[in-house]
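The primary structure of each chain is shown beneath.
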Amino acid sequence: MILIKLACASVLVGGVFAFGLLPVFFKNKAVFSMVTSFSGGVLLGTVMIHLLPEAIAHGNQLLCNYDIKLTLPIGGFATVLGFILILLIEKMVEEYHLSRKYTAKCFT
């Protein structure tokens, strides 16, 4: 059993290492950007499948504990509010970054 676990761990570490080095050897930025976006979407979708039902259940339980009556699922609302907050922060940082016309300098 321990050999199977070590083999699986080795395959996972090797896969992460190999795919982590992919940007070094893969120079086509358009395809790499699409692959990165797809993987981010898969990760986000997987998280949302598991996150939202638990957030809604725990939010409804919290409301029941304090005897609060709402028709709005507070867990889902908090999740969406969190995503909107992160989006706003990201856009503000991006706008600040573009307004400063920041250019990275290479240290060689």
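Higher on the page you've got the structure.
Residues numbered from 1 in each chain as written. Predicted model: local features only at pLDDT ≥ 70, side-chain atom pairs only at ≥ 80, totals over all residues. Heavy atoms only, no water.

Q: Before we go on, may I ask you to explain helix α3 (residues 29–65) in this structure?
A: Note that an α-helix has 3.6 residues per turn; residues three or four places apart therefore point the same way. Between its first and last C-alpha atoms α3 spans 51 Å; for 37 residues at 1.5 Å apiece the expected length is 54 Å, and the two agree. Taking the largest bend as the criterion, α3 deviates by roughly 30°, centred on Met48. Listed as buried for α3 are Ala55, Gly59 and Leu63. Buried residues belonging to α3 abut α4 (74–99). Taken from the residues just after α3, Asp67 is the one with a positive phi, measuring 55°. (Helix = DSSP H or I, 4+ residues; strand = E, 2+ residues; numbered from the N terminus. Expected span 1.5 Å × (residues − 1). Bend = angle between axes of the 7 residues up to and from the residue. Buried < 20%, exposed > 50% of the residue type's maximum accessible area, 1.4 Å probe, protein only. Contact = heavy atoms within 4.5 Å.)

Q: Sorry if this is basic, but what is going on with α4 here?
A: A rise of 1.5 Å per residue sets the reference length of α4, with its 26 residues, at 38 Å; its end C-alpha atoms lie 37 Å apart and thus fit the reference within 8%. Within the span of α4, buried status applies to Gly75, Gly76 and Thr79. If you follow the buried residues of α4, they end up packed against α3.

In short, the description is geometric, and any link to function would need to be established separately.
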